[in-house]
Amino acid sequence: MSIKRLVMVAAFSALTAILYIFVKFPLPIFPSFLDVNISMIPVIICSFMLGPIDASICVLIRCLIKSPMTSTMYVGELADLIMGLGTCLPCGIIYKTNLKHKALLAFLAVPIMWVLSGILTNVFINIPFYIKFRFDGDMTQLLGMCSDAFKLISFGKINNITLDNFMMYYVLLAVIPFNLLLSLIVVIVTLPVHKRLRLLYDRVKIK
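Residues numbered from 1 in each chain as written. Predicted model: local features only at pLDDT ≥ 70, side-chain atom pairs only at ≥ 80, totals over all residues. Heavy atoms only, no water.

### Observations concerning the packing of helix 1 (residues 3–22) against helix 3 (residues 52–66)
Okay, step 1: Contact pair helix 1 / helix 3: the axes reach a minimum separation of 8 Å and the direction vectors enclose 45°. With respect to each other, helix 1 and helix 3 are oriented oblique. In the packing of helix 1 onto helix 3, the handedness of the crossing is right-handed. Contact residues: helix 1 offers Arg5, Val9, Phe12, Ser13, Thr16, Ala17, Tyr20 and Ile21, while helix 3 offers Asp54, Ile57, Cys58, Ile61, Arg62, Cys63, Ile65 and Lys66.
Okay, step 2: Broken down by class, the residue content of the contact of helix 1 with helix 3 amounts to ten nonpolar, two polar and four charged. (Axes fitted to C-alpha atoms, helices over the stretch in contact; angles between N-to-C directions. Helix = DSSP H or I, 4+ residues; strand = E, 2+ residues; numbered from the N terminus. Parallel < 35°, antiparallel > 145°, perpendicular 65-115°, else oblique. Left-handed = near helix turned anticlockwise from the far one by under 90°. Contact = heavy atoms within 4.5 Å. Nonpolar A, V, L, I, M, F, W, Y, C, P; charged D, E, K, R; others polar.)

### Here's the deal with the pattern of salt bridges
Okay, step 1: Here the structure, examined in full by the defined rule, presents two salt bridges.
Okay, step 2: In this structure, the salt-bridge partner of Asp54 is Arg5, at a minimum N-O distance of 2.7 Å. You can see Asp54 sitting in helix 3 and its partner Arg5 sitting in helix 1, a full 49 residues away along the chain. Taken individually, Asp54 and Arg5 each receive the classification buried, so the pair is uniform in this respect.
Okay, step 3: When the shortest N-O distance is used, the salt bridge between Lys66 and Glu77 registers 2.9 Å. (Salt bridge = Lys/Arg side-chain N within 4 Å of Asp/Glu carboxyl O. Buried < 20%, exposed > 50% of the residue type's maximum accessible area, 1.4 Å probe, protein only.)

### Section: unusual backbone geometry
Okay, step 1: In this structure, Met73 takes a positive phi of about 55° despite not being glycine.
Okay, step 2: Position of Met73 relative to the elements: it lies in the loop between helix 3 and helix 4 (75–95).
Okay, step 3: In this structure Met73 comes out as exposed when scored by relative accessible area, which is 53%.
Okay, step 4: The backbone of Tyr74 shows a phi angle near 70°, a positive value even though the residue is not glycine.
Okay, step 5: Mapped onto the elements of the fold, Tyr74 is located in the loop between helix 3 and helix 4.

### Focus: the confidence of the model for the chain
When pLDDT is low, close inspection of the predicted coordinates is not appropriate.
Okay, step 1: Counting all residues, the mean pLDDT for the chain is 88, and 96% of those residues have values of 70 or more.
Okay, step 2: Highest mean pLDDT in the chain belongs to helix 3 (96); lowest belongs to helix 6 (residues 139–153) (80). (pLDDT = per-residue confidence, 0-100.)

### What to know about a nonpolar patch on the surface
Okay, step 1: A cluster of nonpolar side chains, Leu99, Leu104, Leu105 and Leu108, forms an exposed patch at the surface whose accessible area comes to about 360 Å².
Okay, step 2: Along the polypeptide, Leu104 turns up in helix 5 (residues 102–134).
Okay, step 3: Taking the relative accessible area as the measure of exposure, Leu104 reaches 52% and is therefore exposed. (Patch = residues over 30% accessible without salt bridge, like charges linked within 9 Å, V, L, I, M, F, W, Y side chains within 5 Å. Areas by Shrake-Rupley, 256 points an atom, 1.4 Å probe, with all protein chains shown as cover.)

### Quick look at the nonpolar core
Okay, step 1: Counting residues in each nonpolar core, the largest one holds 56 residues, and the members touching the most others are Phe12, Leu142, Phe150, Phe166 and Tyr170.
Okay, step 2: For this core, the leading source of residues is helix 7 (residues 166–204), giving ten residues.
Okay, step 3: Once residues lying within four places of it in the same chain are set aside, the contact partners of Phe166 are Ile127, Met139, Leu142, Leu143, Cys146, Phe150 and Ile161. (Core = buried A, V, L, I, M, F, W, Y, C linked by side-chain atoms within 4.5 Å.)

Now the structure itself:
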């Protein structure tokens, strides 16, 4: 990697790490352990300007910097790493093609891949971790934490949440709408930044 490329990757990594560690907040309508995090904004810009590999490096560095401060035995960082890679790689690959309207397609790929990777990480990583390590295998505690949020999201129409159907409702009422909302927030914020920086992409000419 050239010195210029290293400096830019380092700058993007530092910015996304700061946002990842310090800028996060919950939304009252979702379970309390789901935090809004906008650290993917610099990652997506990096994927457009430098490419998907450089953006992936930013995601990896972000999680490595956060690891010493983990409160989830590195499980949360692993899930965020998978979601970050699952979002920035397709986005960056699409933008580097010669497709017509490639920027639009890349932005459309962000919420789609974000939601899909969010479903996979929550079903196979996050929820099993919470049940086994946070609640000693007792799923009823997690059910209690989420029940009020589920009722609020469904406007009180869903009350028959049990241990058997919890995962289905969690994915439908929490994972999908939360990650869709979060990814749309990131896209809406990134879009005007991308338009202002687009003229710089070709001028950077980093090989």
